[in-house]
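# Examination of the molecular architecture
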Amino acid sequence: MDSRPRITVVGAGMAGSDAALAAARQGVDVDLVEMRPVRTTPAHATDRFAEMVCSNSLGGTGETNAKGLLQAEMRAAGGAIVTHADASRVPAGGALAVDRSVLAERVTAAVEAHPRITVRREELTTLPDGPAVLATGPLTSDTFAAAIAERLGEDFLGFYDAAAPIVDVDSIDMDVAYRKGRYDQAADYLNLPLREADYARFLEAIGEARSHTPHDWEKLEFFEGCMPIEELARRGPETPRFGPMKPVGLEHPETGERFHAVVQLRQEDAAGRMWSLVGFQTGLKWGDQKTVVTTLPGLENADVVRYGVMHRNTYLNAPRLLEAHLALRNDADLFVAGVLAGTEGYLESSATGWLAGTNAARRALGLDPLLPPETSMLGGLVRFLSGANPDGFQPMNANWGLVPNAPKKDDAGRRMAKKDRRAWMFARGLEAFTGFLGAHGLAAAPAVPNDAPQDAPQDAPKDAPHDRAPAPAGVGGD
Ligand SMILES: Cc1cc2nc3c(=O)[nH]c(=O)nc-3n(C[C@H](O)[C@H](O)[C@H](O)COP(=O)(O)OP(=O)(O)OC[C@H]3O[C@@H](n4cnc5c(N)ncnc54)[C@H](O)[C@@H]3O)c2cc1C
């Protein structure tokens, strides 16, 4: 009987595929459980792994792009999705877009050909025993979602994304915004004052903005408490002013001026780099969201780091439940990745899959889990998941607000332009991440050429874990 350490990965989407291959690469055996085609989801169309259900893009590339940094990190780690995406690429300007069927074929072939991975096509309905990665995604089957809720509590599982836009703190005009809590509560909020003409401009912009059309299967039924701001505006010009834009109790603390309406901004991350617009959950198209947001006084130059979304989802309240290394706080065997862990996007799902798979394998091998450096995009993302404000937690994608800022001036004391600061953050993050990979024996094999044969899995195991550098005590990394 084979006594090799073994883990289970549930779900072979963006996160689960990366998790299974990353774990197998660590030298453990993997049971990968995927319910398609036995049972399918309302959005998937095939039985292939890593199927992209909507757009075919893993986001913008390049050294001024936050997703570009995460792609570069996953390339350095040999992450399965990015590696095979590079080999499935189609021309798309500055984005890493792929031929979705080629990507899915390549990933499926790599997983199925892997000698340490056993694929089981069945719907899992109970939580697995032993080290495991849960990666069942936004359309987790109902029975499995119920099993998760039973273990973690109903309140800890969200079934709906009703997210508001989030802006970078450096792009808020602090000469306009003022700190104050409603009435005399703690001054934790930033407030944007709207006079009558400002409010009229806002109403005009939102009236002209276009919404995403919901998929048939997710016809949106809004709860009164999380009505999209555009829907409130449609109900009547005064409705937002009596709802999330209510000015009562928010007079200016210095001048005492009462405003016609006020938009409150709430801090999203512990470092105060990202602020969300309270009550501004929205399903508007992203370009139109930007137009609406930038009509608000103080946000004329807003850098929107995460746009609002309204769609069906299944995700944990990560800040209450997850360690930054992606294990549950109350069960060190159970790791969570992808959308279920509170990320948003194909790329983010695959990257957290890579980390969760690596750490679940390390758990099976009796090694400590790893935490990527905080200046890397993956390190920033997982720290956000475990450290964000748990109240009203909404999934997050890669963005520059997740990592510490660049200095405003260069070594010679010259002010750095935004693109130069981002390039600086990109170089810093990638250097830290590759150092982290090197320290733990996790660096990728040489890059996959674009014409690599499809039947050759790029992630075949190379060396046994005991050949690797010893892990430091406690959570590794940094
Ligand atoms: C309709 C829709 C459109 C989206 N569009 C985009 C987009 O355009 N761009 C983008 O970046 N992100 C998009 N997302 C968000 C998200 O990034 C993707 O859904 C991404 O695929 C998430 O990766 P994942 O691994 O977490 O989940 P998935 O890729 O969905 O993988 C989860 C897998 O788990 C399986 N599964 C579920 N329950 C069970 C069970 N009980 N037992 C066994 N297997 C199970 C599913 O069949 C699936 O294969 C979209 C989400 C939705 C719902």
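Two strands pair when backbone bridges link them, and strand β7 (residues 132-134) and strand β17 (residues 331-336) are joined in this way by three bridges, in the parallel orientation. Note on β17: the bridge partner recorded for V133 is F335. By the bridge criterion, two bridges tie strand β16 (residues 327-328) to β17 in an arrangement that is antiparallel. In the sheet register, L328 faces β17, and the bridge partner there is D331. What sits between β16 and β17 in their antiparallel hairpin is a turn of two residues.

Let us now look at helix α8 (residues 286-293). Among the residues of α8, those classed as buried are Q289, V292 and V293. Buried residues along α8 cover an arc of 95° about the axis, so they all sit on one side. For α8, the elements touching its buried residues are α6 (196-208) and β14 (304-306).

A few words on the environment of R421. Secondary-structure assignment places R421 in helix α12 (residues 418-439). By the C-beta count within 10 Å, which is 20 here, R421 ends up buried. Residues R421 and T64, 357 residues apart in the sequence, show an inter-C-alpha distance of 8.3 Å. For R421, the residues in contact, after removing those within four places along its chain, are A406 and M416.

Time to look at the sheet that holds strand β3 (residues 57-60). Pairing within the open sheet is antiparallel, and its three strands lie in the order β3-β5-β4. The strands lining the two open edges of the sheet, one partner per strand, are β3 and β4 (89-90). As judged from the two bridges shared by β3 and strand β5 (residues 95-98), these two strands associate in the antiparallel manner. The partner of S57 across the bridge, within β5, is A97.

Right, let's talk about the confidence of the model for the chain for a bit. Averaged over all residues, the pLDDT of the chain is 89; the fraction at 70 or higher stands at 89%. Low pLDDT, under 50, characterises residues 447-478; the stretch is placed with 62 contacts to residues that sit more than four places away or in other chains.

Pairing is antiparallel in the open sheet, where six strands are placed in the order β10-β11-β12-β13-β9-β14. The strands lining the two open edges of the sheet, one partner per strand, are β10 (178-179) and β14. Alignment of strand β12 (residues 261-267) against strand β13 (residues 274-277), held across three bridges, turns out to be antiparallel. Directly across from R266, in β13, lies its bridge partner S276.

Most of strand β11 (residues 190-194) sits out of view: five of its five residues are buried. Taking every second residue as pointing to the same face, both faces of β11 are buried, with L190, L192 and L194 on one and N191 and P193 on the other. Sheet topology places β10 next to β11; two bridges connect them, and they run antiparallel. Looking at the pairing, R179 lines up with L190 of β11.

Quick notes on the rules
- Residues numbered from 1 in each chain as written.
- Predicted model: local features only at pLDDT ≥ 70, side-chain atom pairs only at ≥ 80, totals over all residues.
- Pairing = 2+ DSSP bridges.
- Helix = DSSP H or I, 4+ residues; strand = E, 2+ residues; numbered from the N terminus.
- Buried ≥ 20, exposed ≤ 12 C-beta atoms within 10 Å, placed from the backbone.
- Arc of directions from axis to C-beta.
- Contact = placed C-beta atoms within 7 Å.
- pLDDT = per-residue confidence, 0-100.

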